[in-house]
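Residue strings, one per chain:
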Amino acid sequence: MAFTVMILFLIPFSITTATTETSIYIIHMDLSAKPTPFTDHQSWFSTTLTSVTTGRKPKILYAYTDSVHGFSAVLTNSELKRLQHKPGYVSFTKDLPVKLHTTFSPQFIGLASNSGTWPVSSYGAGTVIGIVDTGIWPDHPSFHDDGLGSLPSTWKGKCEFNYSSLCNKKLIGGRVFNKGLFANNPDLRGTKKDQYSSPYDTIGHGTHVAAIAAGNRVKNASYFSYAQGTASGIAPYAHIAMYKAAWEEGVYSSDVIAAIDQAVRDGVDVISLSLGLSIDDDDGDDVGLENDPIAVAAFAAIQKGVFVVASGGNDGPYYWSLINGAPWVMTVGAGTIGREFQGILTLGNGVSFSFPSLFPGEFPSVQFPVTYVESCDAGNKTLVSRIIVCNGNIQQARSTGATAGVIITDRLLAEQDTVKFQFPVAFISSKHGEAIKSYASSYSNNATAKLEFRKTVIGTKPAPEVDSYSSRGPFASFPQILKPDILAPGSLVLSAWPPAKPVAGTRARPFFSGFNLLTGTSMASPHVAGVAALIKHVHQDWSPSAIKSAIMTTALTLNNPLAVGAGHVRADRVLSPGLIYDTSPQDFINFLCHEVKQSRKLINIITRSNASDACRHPSPYLNYPSIIAYFTSDQNGSKIVRRTLTNVREAKRSYSVRVRGLKGINVVIEPTRVMFSKKNEKQSYTVRLESQRALRGDVVYGVVSWVDDEDAKFEVGCPVVATSLVQES
């Protein structure tokens, strides 16, 4: 009789008795092995438990016959070992507390349904997030409008789907921008007209991104039972407007600029960009901001009070690889979220091994005969209805006719690497491979094994941390500002997906799902867009720079700001940052006039006037919530920067400075204490960085914080980097 096992993952706990340590275990049993004399499973379980316990009265916590076949009980290690030899025993797991959870990234950045930022900000109600991407699947349940209010009175957007009824109070606009596409691909004219005239998403990327930012709640969402829970965007009651400017055939500057421009005219509050253009020209030379359409269009947006957030790129872990780093854009890196997807290999002797897996197919959770061969190429052997254990590649293993494979390899695979394999397979390191090979060889005629998939593990460490693919600063086109600005969840994020678009498989055997797990800074950027919408709802008069500052100064500090910016976003703190670093569009222009003397073209483009008129008040300082200083052979000597804090609290407050990190750097802050007597009052300070000798490494970093004198837990941070990095020519 086949049986199904469900394993629950969280953090195990143990109980210490007066004599020995015990733990709570879930014991999985084969119900078909119940002896005839027992009238029910519970009596069988109880008798089995009694037979292995000594010196105390055994107690079954729960008997399971549906969700799990077996029982849970308190056992010592020796009792557990004795139990493993009892008839019907299958396997065990430690008891792992389980609770209902969202698809995790909102929770991971500090959002809770009943308290804190979400209810205070009304879940982003009334704000509009504009997404420039590949379109959207309007019929998806993530875009239902239950709980949403009416459209903002200032909204001017349009719904350009074939049927306007596809828009609602959640999806309030959809537009298409394809003129650049057609100009660059004239052969496309007249072909697949509907595909190029509708905001419908034929790729999936835009649907995924939009739902991360502002998708409504959807219960029982999952990717083939991985990451199961309630899916929710960061601002679930915000409105969405989609601007389709990215196509399978390419993304063109003209379309992107037009989309951002239209979004501003329509009345969006936030623009989320999960795309980027190359910063290299045909000769391999770096291109300035003036030739970066996102930078140029984004400046026009922030002039109108629109917050712009963009992904930093997926070309890490190398320095100077970051894109979308204009000072007025919030640039986002991607990190992990403390969640892993696994399968479990259980040998017939009860020994289990976990392995990374996102295998989407069905696979019976039963014991199969297992065979070990040195090479996955088994020659003329046929291994039908068996699991093959071997050293080699998956195609060879599959060619044997085996039911599944266990590949012993030292190649480290992440979960996303396993999606492409439609053959059920476990990749096990050689460290554990010897035990598996030994078992399969020693019991060659009776050896069995079981493979289970679709396991989700919450709370894995270290997390959060920057993922390897996330691009690093400095930003080649404008290294004077520290980038990226912030880190957000980007690795294997579950979000909406067009149900007609395969998520895995082959043409012959495609797999479809309404949700998909994707990885990239494309997934990180909409998290921050959603957070910005929450802030905008509460602080409607705040500038884009004020919103950026609130996100940065309240972040969870992590290592190396050139990878993580100010740190990992913490949505639970962003509504009350205490102090902000505010900057006006004119402040950006004044800084550019001082720093970009060699490129008057940029000044002309973004100010729509000649540089002589725009640059009457050039400034060496930009009031940015981070600091970077270069100590290179031609940039020695002390570095002085000036910053201005604005009090956004009602009460009188004073703050004292605290410096952490920056080893080998002499840091002088003046003044060391600032006092505010009223809301919106400003106080300035200077930071002087001095290095008497070469830096200890290419990058030295730390934090300059202002700590509330009455509440030491309240801290306003500003990351600081001293570096000797020089961009390669």
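Bear in mind that the values here come from a model prediction, so they are computed numbers and not experimental data.

Thresholds applied
- Residues numbered from 1 in each chain as written.
- Predicted model: local features only at pLDDT ≥ 70, side-chain atom pairs only at ≥ 80, totals over all residues.
- Heavy atoms only, no water.
- Phe/Tyr/Trp six-rings, centres within 6.5 Å; stacked < 30°, edge-to-face > 60°.
- Buried < 20%, exposed > 50% of the residue type's maximum accessible area, 1.4 Å probe, protein only.
- Helix = DSSP H or I, 4+ residues; strand = E, 2+ residues; numbered from the N terminus.
- Lys NZ or Arg CZ within 6 Å of the ring centre and 35° of its normal.
- Pairing = 2+ DSSP bridges.
- Axes fitted to C-alpha atoms, helices over the stretch in contact; angles between N-to-C directions.
- Contact = heavy atoms within 4.5 Å.
- Core = buried A, V, L, I, M, F, W, Y, C linked by side-chain atoms within 4.5 Å.
- Right-handed = clockwise from strand over helix to strand, strands pointing away.
- Polar contact = N/O pair within 3.5 Å; in protein donor to acceptor, adjacent residues only side chain to side chain.
- pLDDT = per-residue confidence, 0-100.
- Disulfide = S-S within 2.5 Å.
- Parallel < 35°, antiparallel > 145°, perpendicular 65-115°, else oblique.
- Left-handed = near helix turned anticlockwise from the far one by under 90°.
- Salt bridge = Lys/Arg side-chain N within 4 Å of Asp/Glu carboxyl O.

**Q** For this particular structure, what's the right way to read the packing of aromatic side chains?
**A** Describing an aromatic ring pair means giving the distance of the ring centres and the angle of the ring planes. Tallied over the full model, the rule gives 21 aromatic pairs. Relative to Tyr226, the ring of Tyr223 has its centre 6.4 Å away and its plane inclined at 35 degrees; by these criteria the two rings are tilted. Judged by its relative accessible area of 1%, Tyr223 falls in the buried class. According to the relative accessible area criterion, Tyr226 is buried, its value standing at 0%. When the ring of Phe224 is compared with that of Phe511, the centres are 5.8 Å apart and the planes differ by 90 degrees; the resulting orientation is edge-to-face. Pair noted here: Phe224 is in the loop between β8 (218–223) and β9 (226–231) and Phe511 is in strand β26 (residues 510–511), with a separation of 287 residues, a long-range link. Ring pairing ties together the aromatic residues Tyr223, Phe224, Tyr226, Phe341 and Phe511, which thus form one cluster. If you follow Arg217 out to its NZ or CZ, it ends over the ring of Tyr123, 4.8 Å from the centre. The ring of Phe631 carries Lys639 above its face, with NZ or CZ at 5.3 Å from the centroid.

**Q** I'm lost on the environment of Pro141 in this one. Help?
**A** As for its position among the elements, Pro141 is in the loop between β6 (128–133) and β7 (171–176). For Pro141 and Gly338, which are 197 residues apart along the polypeptide, the C-alpha to C-alpha distance reads 26 Å.

**Q** Can you walk me through the sheet that holds strand β16 (residues 339–347) in this structure?
**A** Each strand in a sheet pairs with its neighbour through backbone hydrogen bonds, running either in the same direction (parallel) or in the opposite one (antiparallel). Spatial strand order, β17-β16-β22-β18-β19-β20-β21: 7 strands in an open sheet with mixed pairing. Looking at strand neighbours, the two that pair on one side only are β17 (352–356) and β21 (425–428), the edges of this open sheet. Ignoring strand direction, the axes of neighbouring strands in this sheet form an average angle of 35 degrees. Lying over the sheet, helix α11 (residues 430–442) contacts β16, β17, β18 (368–375), β19 (387–391), β20 (404–408), β21 and β22 (448–458), oriented at roughly 115 degrees with respect to β18.

**Q** Is there a simple way to think about the sheet that holds strand β10 (residues 239–244) in this case?
**A** Pairing is parallel in the open sheet, where 7 strands are placed in the order β7-β10-β6-β13-β14-β15-β23. Each edge of the open sheet is held by one strand with a lone partner, namely β7 and β23 (486–489). The average angle at which neighbouring strand axes cross in this sheet is 25 degrees, direction not considered. In the sheet, β6 pairs with strand β13 (residues 270–273) via 4 bridges, with the strands oriented parallel. Across the sheet, residue Ile131 finds its bridge partner in β13, namely Ser272.

**Q** Is there a simple way to explain the nonpolar core in this structure?
**A** As a rule of thumb, nonpolar side chains are buried together in soluble globular proteins. Among the nonpolar cores identified, the biggest contains 149 residues, and Ile271, Trp328, Leu345 and Ile551 are the most heavily contacted of them. Top contributing element to this core by residue count: helix α12 (residues 521–538), with 9 residues. Once residues lying within four places of it in the same chain are set aside, the contact partners of Trp328 are Leu289, Ala295, Ala298, Phe299, Ile302, Val308, Lys548, Phe588, Leu592 and Ile606. By size, the runner-up hydrophobic cluster in this structure holds 25 residues, among which are Phe631, Tyr655, Leu689 and Phe714.

**Q** Explain the side chain of Thr48 to me, please; I cannot follow it from the model alone.
**A** On the secondary structure map, Thr48 appears in helix α1 (residues 41–50). The buried category is assigned to Thr48, whose relative accessible area is 8%. Setting aside anything within four residues of it in sequence, one finds Thr48 in contact with Leu83 and Lys86.

**Q** Please explain the pairing of β19 as it appears in this structure.
**A** The two faces of the sheet receive side chains in turn, since in a regular strand these alternate between them. Counting buried positions along β19 yields 4 of 5 residues, so the element is predominantly enclosed. One ladder, built from 5 bridges, connects β18 with β19; its direction is parallel. Bridge pairing links Val373 to Cys390 in β19. Sheet analysis places β19 next to β20, joined by 4 bridges and oriented parallel. Bridge pairing links Cys390 to Ile407 in β20. Tracing the backbone out of β19, into helix α10 (residues 394–399) and back to the parallel element β20 gives a crossover that is right-handed.

**Q** Looking at this structure, I do not really get the environment of Thr723. What am I missing?
**A** Relative to the helices and strands, Thr723 resides in strand β36 (residues 715–723). For Thr723, the contacting residues outside a window of four places in its chain are Ile628, Ala629, Tyr630, Phe631, Thr632, Leu695, Asp698 and Val699. Here the side chain of Thr723 touches Asp698 through a polar contact of 2.7 Å, landing on its backbone oxygen.

**Q** I would appreciate a short explanation of the environment of Ser385 in the present structure.
**A** Among the structural elements, Ser385 can be located in the loop between β18 and β19. Residue class for Ser385 comes out partly exposed when judged on its relative accessible area of 42%. Separated by 16 residues in the primary sequence, Ser385 and Gly401 place their C-alpha atoms 7.9 Å from one another. When residues no more than four places from it in sequence are discounted, the contact partners of Ser385 are Phe368, Pro369, Gly401 and Thr403.

**Q** Can you walk me through the confidence of the model for the chain in this structure?
**A** Any region with low pLDDT has predicted coordinates that should not be read closely. Within the chain, residue pLDDT values average 87, and 90% of them lie at 70 or more. In this model, residues 95–102 is a region of pLDDT below 50 whose contacts with residues beyond four sequence positions or in other chains number 25 contacts. Every residue in residues 281–285 scores below 50 in pLDDT, and together they form 3 contacts with partners more than four places removed in sequence or on other chains.

**Q** What's the story with helix α15 (residues 585–595) in this structure? I'm lost.
**A** Because an α-helix packs 3.6 residues into every turn, residues spaced three or four apart end up facing the same way. For α15, the full list of buried residues reads Phe588, Ile589, Asn590, Phe591, Leu592 and Cys593. Here the buried face of α15 lies against α9 (293–303), α13 (544–553), α16 (600–607) and α17 (611–614).

**Q** Is there a simple way to explain the state of the cysteines in this structure?
**A** Note on terminology: disulfide describes a covalent bond linking the sulfur atoms of two cysteines. The full count for this structure, using the stated rule, is 3 disulfides. In this model Cys593 forms its disulfide with Cys615; the gap between the sulfur atoms is 1.9 Å. In this structure, the disulfide formed by Cys593 and Cys615 twists by about -75 degrees around the S-S bond and is classed as left-handed. Separated by 22 residues along the polypeptide, Cys593 in helix α15 and Cys615 in the loop between α17 and β29 (627–630) bring together distant segments of the chain. Note on accessibility: Cys593 and Cys615 belong to one class, buried. Here the chain pairs its bonded cysteines, counted in sequence order, in the arrangement 1-2, 3-4, 5-6.

**Q** Got a minute to help me understand the packing of α15 against α16 in this structure?
**A** Packed helices, taken two at a time, are described by the angle their axes make and the gap between the axes. Closest axis-to-axis distance for the α15/α16 pair is 9 Å, and the angle between their directions is 165 degrees. As summarised for this structure, α15 and α16 are arranged roughly antiparallel, according to the angle between their axes. Handedness of the α15/α16 crossing: left-handed. Here Ile589, Leu592 and Cys593 of α15 come into contact with α16, specifically with Arg600, Leu602, Ile603, Ile606 and Thr607.

**Q** Help me understand the pattern of salt bridges, please; the structure alone is not making it clear to me.
**A** This model, assessed by the stated rule, comprises 16 salt bridges. A salt bridge links Asp266 to Arg175; its shortest N-O distance comes to 2.9 Å. On the criterion of sequence distance, the pair formed by Asp266 in helix α8 (residues 253–266) and Arg175 in strand β7 is long-range, its members being 91 residues apart. The pair formed by Asp266 and Arg175 is uniform in burial state, with each residue classed as buried. Among the ionic pairs, Glu434 bridges to Lys437, the shortest N-O distance being 3.1 Å. Linking Glu434 with Lys437, this pair stays in helix α11, spanning 3 residues, or about one helical turn. Each of Arg649, Arg653, Asp708 and Glu710 takes part in a single network of salt bridges with overlapping partners.

**Q** Which parts of the structure should I look at to understand α9?
**A** In terms of residue burial, α9 counts as a mostly covered element, since 10 of its 11 residues are buried. When we look at burial in α9, the residues that qualify are Pro293, Ile294, Ala295, Val296, Ala297, Ala298, Phe299, Ala300, Ala301 and Ile302. For α9, the secondary structure elements touched by its buried residues are α8, β13, β14 (307–311), α13, α15 and α16. The backbone nitrogen of Ile294 lies 3.1 Å from a side-chain oxygen of the residue at the head of α9, namely Asp292. One or two positions beyond α9, positive phi appears at Gly305, with a value near 85 degrees.

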